[in-house]
Amino acid sequence: MRMRQLPVLMAGLTLSMSAFAAPSDQWTLPVNTKKLDNGLTVIVSEDRSSPTVGVSVVYHVGMRLEPRNRTGFAHLFEHLMFQGTPNAPKGVFDTTITAGGGWNNGSTRPDFTNYIETAPASSLEPILWLEADRMKTLDFNPTTLKNQQDVVKEEIRVNVKNQPYGGFMWIDISQHAFQKWENNHDGYGSFEDLENASLDDVRAFHRDYYGPNNAVLAIAGDITPQQGFALAQKYFGGIAARPVPKGTDFSEPLNTAEKRLEQSDALAQVPAIAAAWKVPERGSRDQAPIAVLAELLGGGDASLFYQGLVKGREIALNVDTMFGLTSPWEYNGPTLMTVFALYKPDSSADAVLKAMDEEIAKIAKDGVDDATLKRVKTRMLADWNNKLESFVNRADTMAKLQVLWGDANVVNKIPGWIEGVTSSDIQRAVKTYLVPANRTVIDRKPAAMIEAAKTASAATNTK
């Protein structure tokens, strides 16, 4: 997707994660942090292995904090950030970066919006100037707003309305699993809400959430901390801090009764199921066990669900796990661990759930053997380190962790948290969270399949 500063109780987080020992051979990334007088937090991670840099600017605002009756507004605003300013009209941002050999993008998530660039180190100053320029103000005009409203609506058509399954495994499942509007509304947005967004809405959103004191700037690559901090001061230091609205309480307890529903899909060829459980809050001692558990259950062809449902029982066609639109480390409010699977038309959602429950029950009873747990951790650590090889991913990860955890150095703690997860930790997490009462299930069937079942039922009843 071109898709409030909450207090961070670091003392509690330190205590809750202290049991996770760091592996002795861990790759430790340099993390240098400085806060400017206007509240902008700057992170520099020096790496001279390539004459390039990755840049990320992350704002602490996302779908959870957008205005009521403006679903999709945070996403719409992300698009507007690329539409120019009084100093850099529309098109200047993209052309300046690409002309210098770079690349850029942005995305919107429940708890943050991030803007990223990667380029040769020689292009860093123009990038920082452009980012600072659009932090100051945008070119607020009705033509641009109307254009981007249409762009976002077309994105919804392409990615949701005209796609099989239509994102039901993260949009629809959240609407039913969560109680509070902040957590359960469609962050992509309704057409009506998007059309009702006004220029005053846009100006207020930028004023309230796009100030330096609600942002983190991270730079990774061919630059020293001293150089990075000096450039941040040069380009961002003169931007005044702005008041950030106090957020609402969007916390929710675990669910206490299973929710089940069936949906019809006119574009799907085979049925699919999404089963989602609320997971522990960020910083909980169960966060790392849940992350490892998700990999154990649905991480690739060696996972328990793939081997049990696809290969063994042969009732599913694929199995995957997800944490909404984020990773198991990048959320700051109620979040779901969701299992998504396509299943064979001659099977059923009940059969798939029964098979999942059988695999989960084995873990609850017997735990995880050492060899399997080591394999799962090794895969997770390899994926983590491979991602961070990229300077832009490194900068973006550090910036997001600083926004959500208040500590960019969490990037170096996560491998230790993964390594520290034990079989008993996973058993505890399974028994606490992966229980039917905490589960929401959507059975998404092809419309033709539902119609055929109705016809067959009607024929039977008339006999």
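The rules behind these values
- Residues numbered from 1 in each chain as written.
- Predicted model: local features only at pLDDT ≥ 70, side-chain atom pairs only at ≥ 80, totals over all residues.
- Heavy atoms only, no water.
- Pairing = 2+ DSSP bridges.
- Helix = DSSP H or I, 4+ residues; strand = E, 2+ residues; numbered from the N terminus.
- Axes fitted to C-alpha atoms, helices over the stretch in contact; angles between N-to-C directions.
- Contact = heavy atoms within 4.5 Å.
- UniProt positions renumbered as here; feature names shortened; annotations may be inferred.
- Salt bridge = Lys/Arg side-chain N within 4 Å of Asp/Glu carboxyl O.
- Buried < 20%, exposed > 50% of the residue type's maximum accessible area, 1.4 Å probe, protein only.

Student: Tell me about the sheet that holds strand 1 (residues 32-35), residues and numbers included.
Tutor: An order of 1-2-6-3-5-4 is seen for the six strands of this open sheet, with the pairing classed as mixed. With partners counted over all chains shown, the strands left at the sheet margins are strand 1 and strand 4 (103-108), one partner each. For this sheet, the mean inter-axis angle between neighbouring strands, taken without regard to orientation, is 15 degrees. Summarising the sheet, strand 1 and strand 2 (residues 41-46) pair through four bridges and their orientation is antiparallel. Across the sheet, Thr33 pairs through a bridge with Ile43, a residue of strand 2. Strands strand 1, strand 2, strand 3 (52-59), strand 5 (113-120) and strand 6 (215-221) of the sheet are contacted by helix 15 (residues 391-405), whose axis makes an angle of about 25 degrees with strand 3.

Student: Describe in detail the UniProt feature "domain: Peptidase M16 N-terminal" (unreviewed entry) in the protein chain, supporting the description with residues and values.
Tutor: Per the UniProt record, the feature "domain: Peptidase M16 N-terminal" (unreviewed entry) sits at residues 42-163. In residues 42-163, the share of helix is 40% and the share of strand is 22%. The end C-alpha atoms are 40 Å apart.

Student: So what's going on with the sheet that holds strand 11 (residues 439-446)? Which residues, and what values?
Tutor: An order of 7-11-8-10-9 is seen for the five strands of this open sheet, with the pairing classed as mixed. The two strands at the open ends of the sheet, each matched to only one other strand, are strand 7 (259-265) and strand 9 (320-322). Across the sheet, the axes of successive neighbouring strands diverge by a mean angle of 20 degrees, strand direction being ignored. The pairing of strand 8 (residues 272-278) with strand 10 (residues 336-342) spans seven bridges and is antiparallel. If you follow Trp277 over to strand 10, its bridge partner there is Met337.

Student: Which residues make up the pattern of salt bridges, and what values go with them?
Tutor: In the structure shown here, the tally under the stated rule is 34 salt bridges. The residue Asp222 makes a salt bridge to Arg48 at a minimum N-O spacing of 2.3 Å. Taken together, the residues span a long stretch of sequence, with Asp222 in the loop between strand 6 and helix 10 (225-236) and Arg48 in the loop between strand 2 and strand 3 at a distance of 174 residues. A residue is classified by how much of its surface remains accessible, and Arg48, at 47% relative accessible area, is partly exposed. Between Glu131 and Arg134 there is a salt bridge whose closest N-O contact spans 2.9 Å. Residue Glu131 and its partner Arg134 are located together in helix 4 (residues 124-136), separated by three residues, close to a single helical turn. Arg134 carries the same exposure label as Glu131, and that label is buried. Salt bridges sharing partners connect three or more residues here, namely Arg313, Lys354, Glu358, Glu359 and Lys362.

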